[in-house]
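Chain by chain, the residues:
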Amino acid sequence: MKILVIGSGGREHALVWKIAQSPRVEKVFAAPGNGGMGQLAECVAIQSKDISSLVDFAEKNQIDLTVVGPELPLTLGIVHEFEKRGLNIFGPSEKSSEIEGSKVFAKGLMEKYNIPTGEFKTFTDRERAIGYIQERGAPIVIKANGLAAGKGVIVAKELDTALKAVEDFLVKRVFGYAGREIVVEEYLEGEEASVFAFTDGEGILSTLPAQDHKPIYDGDQGPNTGGMGAYAPAPYLDDLMLKRIEEEILKPAIFCLAEEGRPYKGVLYAGLIIAEEGPKVLEFNCRFGDPETQAILPLLETDLVEIMIAVCEGRLHQINLQWSNRSAVCVVLASKGYPGSYEKGKVIQGLEEVQKMKDVSLFHAGTRTEDHKFFTHGGRVLGVTGVGVDLEEAIQNSYSAVEKIHFEGMVYRRDIGAKGLLTLSKLNG
Ligand code: GLY
């Protein structure tokens, strides 16, 4: 089979890496791909939002399955364009990907179908939003309705931060149309978790739970990023809690989307908070998470291509997901300044040595290659995943690889997985 993966980040490199392991796959293409994918895939210079070029490429090259990494092409309707030409594609339609593309839609859906989530109100009017925020007080969460490249959610610990977010989103329109409407939401206390579900629109198969680390600094300090690291499985989600998440959140979400005339197929990402009273949804995304995918896929033993084809053909019930009983930790190496502005073009050293290490996988994100050298080319540059018999060993494997890599201005968190170790020590008394 010939597979095309759309996207250019660490998540897409992990997808390419896993897909290339399938005995059914003869060739993988990545569009546009990145500096590190070249060993496994042929990178094609088509941007992920250039839907008409992507569909032409897939048709001309007789691609058997296209896998969409990022949300933007999904919300732009790429699935419909491929299916119109009789091409297989893994991902939800434009209408169903609105579950990520519009926070107002997603919250309304959860309210209508009693899917547990924080209390909220939506606003287009600055004065009304400010009045509500002052009445509720901080901490409080402000979300831009539309896609904002991971920057549209402000967790305001102070009232001033919340009011500034209203000003930025509704008045200054820093995210343009995406900030025309906002959601003001209750701040929820608890451990965060990410659970993905493969779904063909009827059944679901959920993945191992993972925990992302969004803030830039250790101890969850500083501004949110796209994710500075992740580990799986998250030990505070036992089988009972996972069952609740499936029954109270994932299955109802798939059911209600179908009820609303938006049948969903692909992978549904539930960003959750495990509150005292049970799991609640922080957000739904219409795709795999980044960097959670880089921690989850190394533990997947079932052929990912088989799963994806079963999703496309509506026969997910025939798949039995198998997982390794090991743990995985992905540490993200970023450019100094990220999530704000940063410099590019710094030479990256140490990659060859890391590639030889056992139980370590290197996933490129913002890199580019020239003359057999790698250079930084983005905010999140690399993901280094270590696998081990337990979380502790996975952390050691990951960080011993990280120590071998260097580029000017390299920043990373030193506590990825530490919350999981703390939970394990509490569970073990
Ligand atoms: N890790 C956060 C996201 O993928 O949205």
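Residues numbered from 1 in each chain as written. Predicted model: local features only at pLDDT ≥ 70, side-chain atom pairs only at ≥ 80, totals over all residues. Heavy atoms only, no water.

1. Describing the packing of aromatic side chains
Scanning all chains against the criterion turns up 10 aromatic pairs. Between Trp17 and Phe363 the ring centres are 5.4 Å apart and the planes differ by 80°, which places this aromatic pair in the edge-to-face class. In this pair, Trp17 sits in helix H1 (residues 10–19) while Phe363 sits in strand E20 (residues 360–364), placing the two residues 346 residues apart along the sequence. Here Phe29 and Phe57 contribute two aromatic rings whose centre-to-centre distance is 5.2 Å and whose plane-to-plane angle is 80°, an arrangement assigned as edge-to-face. Placement of Phe29 in strand E2 (residues 27–32) and of Phe57 in helix H2 (residues 51–60) is noted, with a sequence separation of 28 residues between them. Of the two residues, Phe29 and Phe57, neither departs from the other in class, the shared state being buried. Following the ring pairs from residue to residue traces out a cluster consisting of Phe90, Phe196, Phe198, Tyr269 and Phe288. Taking NZ or CZ as reference, Arg414 lies 4.2 Å from the ring centre of Tyr412, over its face. (Phe/Tyr/Trp six-rings, centres within 6.5 Å; stacked < 30°, edge-to-face > 60°. Helix = DSSP H or I, 4+ residues; strand = E, 2+ residues; numbered from the N terminus. Buried < 20%, exposed > 50% of the residue type's maximum accessible area, 1.4 Å probe, protein only. Lys NZ or Arg CZ within 6 Å of the ring centre and 35° of its normal.)

2. A closer look at the pairing of strand E4 (residues 65–68)
The side-chain alternation of E4 yields two buried faces, one formed by Leu65 and Val67 and the other by Thr66 and Val68. Note that strand E1 (residues 2–7) and E4 share four bridges and pair parallel. Looking across to E4, one finds that Leu4 is bridged to Thr66. Both E4 and strand E5 (residues 89–90) contribute to a ladder of two bridges, which runs parallel. Bridging from a neighbouring strand, Thr66 pairs with Ile89 of E5. (Pairing = 2+ DSSP bridges.)

3. As for empty space enclosed by the protein
The tally for this structure, following the rule as stated, stands at two cavities of 30 Å³ or more. Each pocket or cavity is described by its volume, and for the largest cavity that value is around 40 Å³. Ile99, Lys103, Ala106, Lys107, Met110, Lys143, Leu282, Glu283 and Phe284 are the residues that line the largest cavity. Looking at the lining of the largest cavity, the elements with two or more residues in it are helix H6 (103–112) and strand E17 (278–285). The element that contributes the greatest number of residues to the lining of the largest cavity is H6, accounting for four residues. For the lining of the largest cavity, the class distribution of residues is five nonpolar, no polar and four charged. Space inside the second largest cavity adds up to approximately 30 Å³. Around the second largest cavity, the lining residues are Val68, Leu74, Phe90, Gly91, Pro92, Val267, Cys286, Arg287 and Phe288. (1 Å grid on protein atoms, 1.4 Å probe; cavity = no way out; pocket = protein on both sides within 12 Å on 5 of 7 lines; lining within 4 Å. Points joined across faces, edges and corners; volume = space filled by probe spheres on them. Nonpolar A, V, L, I, M, F, W, Y, C, P; charged D, E, K, R; others polar.)

4. A few points about the nonpolar core
Judged by nonpolar contacts, the single largest core of 72 residues is most densely connected at Ile78, Ile99, Leu237, Phe284, Leu333 and Ile405. Among the elements that take part in this core, helix H9 (residues 239–259) stands out by supplying nine residues, more than any other. Excluding residues that lie within four positions of it along the chain, Ile405 makes contacts with Leu333, Ile348, Gln349, Gly350, Leu351, Val354, Leu362, Leu382, Val384 and Met410. Membership of the second largest hydrophobic core comes to 45 residues, among which are Val16, Ala30, Phe196 and Leu297. (Core = buried A, V, L, I, M, F, W, Y, C linked by side-chain atoms within 4.5 Å. Contact = heavy atoms within 4.5 Å.)

5. Some thoughts on the sheet that holds strand E6 (residues 120–123)
Pairing is antiparallel in the open sheet, where four strands are placed in the order E6-E9-E7-E8. The open sheet has two edge strands with one neighbour each: E6 and strand E8 (153–156). Going from strand to strand, the sheet's axes swing by 20° on average, the running direction of each strand aside. Pairing of E6 with strand E9 (residues 182–186), which is carried by four bridges, proceeds in the antiparallel orientation. Of the residues in E9, the one forming a bridge with Thr122 is Val183. Of the strands in this sheet, E6, strand E7 (140–144) and E9 are in contact with helix H7 (residues 126–136), which crosses E6 at around 155°. Taken strand by strand, helix H8 (residues 159–171) contacts E6, E7, E8 and E9, and its axis lies near 10° from that of E7. (Axes fitted to C-alpha atoms, helices over the stretch in contact; angles between N-to-C directions.)

6. A look at the sheet that holds E17
With respect to topology, four strands assemble into an open sheet ordered E11-E10-E16-E17, the strand pairing being antiparallel. Two strands close off the open sheet at either side, each with one partner strand: strand E11 (204–206) and E17. Neighbour to neighbour, the strand axes of the sheet diverge by 35° on average, direction disregarded. Where strand E10 (residues 191–199) meets strand E16 (residues 266–275), nine bridges bridge the pair, whose relative direction is antiparallel. Counted as the bridge partner of Phe196 is Tyr269 from E16.

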